[in-house]
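Each chain, written out:
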Amino acid sequence: MRLAKNLNILLFQIRKPDDPMRVGEVAAFADCLDVTPEHINAIDLIYSPPSPELLRKSDMIIIGGAGDYSVPEGGPWLDRALDAMRSLHAKRKPVFASCWGFQAVAAALGGSVITDPKLAELGTLELSLTEAGLNDPIFCTLGPKFLAHVGHHDTVIRLPDGAIRLASTPLIENHAFCMPDAPIYCTQFHPELKRDLLIQRLMTYPEYPKFILGIPLEELIKTLRETPEANNLIRKFVDHVFGN
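Quick look at the structure, then. (Residues numbered from 1 in each chain as written. Predicted model: local features only at pLDDT ≥ 70, side-chain atom pairs only at ≥ 80, totals over all residues. Heavy atoms only, no water.)

Broken down by element type, the protein chain carries ten helices and eleven strands. What you see for the protein chain is a C-alpha radius of gyration of 16 Å, in line with the 18 Å of a compact globule of 244 residues. For the protein chain, the spread of C-alpha atoms along the principal axes amounts to about 45 × 40 × 35 Å. Residues counted as buried form 56% of the 244 residues belonging to the protein chain. Partitioning the intrachain contacts of the protein chain with sequence separation of at least 6 by distance along the chain shows that 74% fall at a separation of at least 24. As displayed, the protein chain offers around 10,600 Å² of accessible surface, 53% of which is attributable to carbon and sulfur atoms. (Helix = DSSP H or I, 4+ residues; strand = E, 2+ residues; numbered from the N terminus. Rg over C-alpha atoms; globule rule 2.2 N^0.38 Å. Buried < 20%, exposed > 50% of the residue type's maximum accessible area, 1.4 Å probe, protein only. Contact = heavy atoms within 4.5 Å. Areas by Shrake-Rupley, 256 points an atom, 1.4 Å probe, with all protein chains shown as cover.)

Written out as structure tokens, the structure is:
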């Protein structure tokens, strides 16, 4: 079995140069993959679009969140970012995407993403697996219901054609999907975040609890729980895709 430390891992980031979570996001993914942050090659899709050679040399692509950017809002950099994701799908590259990455892959492959404050979620939430999720070789290990950390104000309202829905919350139907024709898994929730890392991120963006939930940050922190099943998800993805 090929461990994560034996893979060339490339992380797509979408963050401003002064965003303190640029480093924190790399650390979070490294922790859940049991590698050091130095093992992950991180590039920012806004300023450094990946070259074909870099994509070719990478065994696995991770696509993370975005503190200040939105798929529906777009930007001059978005089309080339989505083109990179379409290229990954065409080449059948292993991809795990969370949060903004989930939304971007969905949009790149023909799904629909909207901004609707009434559909925003934040905190430690209980998710339910779909029937397909219960039978999926990676998601089935989570159990019918599981806890995960969630934070989004954009929502995927339609999955790409052929995508398999894997998990939902009572509010959001599309919380995870995979592509049946490629090793691509995407989650709206954050399997890379443990409780302490979520708190660190919330303290970086302290306006989010008030904006999304109408409560102060301190009150939200009291409700947060550990999410061990979700935190093992990316490692299980590696085991499934690269295992012997």
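What follows covers the packing of helix H1 (residues 21-33) against helix H10 (residues 233-242). At a minimum axis separation of 7 Å, H1 and H10 run at an interaxial angle of 60°. Taken together, the axes of H1 and H10 are oblique relative to one another. Between H1 and H10 lies a crossing whose hand is right-handed. Across the interface between the two elements, Phe 29, Asp 31, Cys 32 and Leu 33 from H1 touch Ile 234, Arg 235 and Val 238 from H10. A class-by-class count of the residues in the contact of H1 with H10 yields five nonpolar, no polar and two charged. (Axes fitted to C-alpha atoms, helices over the stretch in contact; angles between N-to-C directions. Parallel < 35°, antiparallel > 145°, perpendicular 65-115°, else oblique. Left-handed = near helix turned anticlockwise from the far one by under 90°. Nonpolar A, V, L, I, M, F, W, Y, C, P; charged D, E, K, R; others polar.)

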